[in-house]
Amino acid sequence: MTPRKKPKVYITRKLPDAVETRMRELFDAELNIDDTPRSADELLRAVTTAEVLVPTVTDRIDSALIESAGPQLKLIASFSNGVDHIDVDAAAKKGITVTNTPNVLTEDTADMTMVLIFAVLRRLIEGSRVLTEKPGAWSGWSPTWMLGHRISGKRIGIVGMGRIGTAVARRAKAFGLSIHYHNRKRVNPATEEELEATYWDSLDQMLARVDIVSVNCPATPATFHLLSARRLALMQPSSIIVNTARGDIIDEAALIQLLKDHKIAGAGLDVFSNEPVVNPKLLKLAQEGKAVLLPHMGSATIEGRIDMGEKVIINIRTFFDGHRPPNRVLPGRL
């Protein structure tokens, strides 16, 4: 019996060794050994030669690129939870299936959300810098030095109560925070009861009443600048905002101005509007202790990345076995 030809798979970024090894075993896989982001020309070559494209959130798979794809490209198996970097509608029109890797980054991202909340309220980065960047500046413990704010007893307002938002709520409740949330629809009554959560149909009203705003909704056209200048201005001067979702959900320019004017107390950001470029004004605010900035590392655990890779592999194998991939993304279902 003639062995079945391995599908040609093009991987845009370096993945964990265990994932790449398995892909080489199963597929005719072209790896990105040095992890250099693929250029537009390289992506164009990929969609005209490969049967499967495995992009990440750093790759823009727009309608023009998809339209240029050859007839051999059958599957875009994204190594990502979100698919806002892919024109899913254009892929569907071209007859190309799109898959993602959902449900594996929930706990890691929720953990990082809590880390940012603590880092902002307890001034962790500022404290660390005193020791690492200003040797000898610390003269010892003092009752009034480097004071932050207590976590317990505060209200957290979660924007987007999906899997990640719910995981954040469970952690926040364990630390004594009162749970408030805004979502397109209410979560089921059992979850609300478990979390003792208060639902706000009006995002505006919730923003004006909470101490911590946590952004956990997906990036879609409907959530672009959901936290607009007008809405950010509704927050209390003592409140903080944390974003581990996508940078474009917040009007970054408006947030910068509010932080400069002391209209809100702080921000913890793991995502930015123009990644990998970070607005110099944000960097200055971070140096002044008004913001904590991280380089999009909310889901960065080896366990999470391997789980993502395994989902990509399952989606590819299922597709080429003639079945519907378990993580197929359909137009209009983002």
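Fair warning: this is a prediction, and the values are worked out from it, not measured in the lab. (Residues numbered from 1 in each chain as written. Predicted model: local features only at pLDDT ≥ 70, side-chain atom pairs only at ≥ 80, totals over all residues. Heavy atoms only, no water.)

(A) A look at the UniProt feature "domain: D-isomer specific 2-hydroxyacid dehydrogenase NAD-binding" (unreviewed entry) in the protein chain. When the UniProt feature table is mapped to this numbering, "domain: D-isomer specific 2-hydroxyacid dehydrogenase NAD-binding" (unreviewed entry) covers residues 115–298. Between the C-alpha atoms that bound residues 115–298 the distance is 10 Å, and the span itself is 33% helix and 15% strand. (UniProt positions renumbered as here; feature names shortened; annotations may be inferred. Helix = DSSP H or I, 4+ residues; strand = E, 2+ residues; numbered from the N terminus.)

(B) Spotlight on the UniProt feature "domain: D-isomer specific 2-hydroxyacid dehydrogenase catalytic" (unreviewed entry) in the protein chain. Following the UniProt record, the feature "domain: D-isomer specific 2-hydroxyacid dehydrogenase catalytic" (unreviewed entry) maps to residues 18–329 here. With 38% helix and 12% strand, residues 18–329 has end C-alpha atoms that lie 26 Å from one another.

(C) Representation of the environment of aspartate 321 within the structure. Residue position: aspartate 321 is located in the segment after helix H13 (302–320). Judged by relative accessible area, aspartate 321 falls into the partly exposed class, the value being 42%. Expressed as a C-alpha distance, the spacing of aspartate 321 and lysine 6, which sit 315 residues apart in the sequence, is 11 Å. (Buried < 20%, exposed > 50% of the residue type's maximum accessible area, 1.4 Å probe, protein only.)

(D) Quick look at the pairing of strand S9 (residues 212–215). What you see with S9 is no split at all: Ile212 and Ser214 on one side and Val213 and Val215 on the other are buried throughout. In terms of strand pairing, strand S6 (residues 155–159) meets S9 through 4 bridges, oriented parallel. Paired with valine 159 across the bridge in S9 is valine 215. The pairing of S9 with strand S10 (residues 240–243) spans 4 bridges and is parallel. What sits directly across from valine 215, in S10, is asparagine 243. (Pairing = 2+ DSSP bridges.)

(E) Focus on helix H7 (residues 163–174). With 12 residues, H7 extends 17 Å between its outermost C-alpha atoms, agreeing within 8% with the 16 Å of an ideal straight helix rising 1.5 Å per residue. Tucked inside the fold, the buried residues of H7 contact helix H5 (106–121), S6, strand S7 (178–182), helix H8 (189–195) and S9. (Expected span 1.5 Å × (residues − 1). Contact = heavy atoms within 4.5 Å.)

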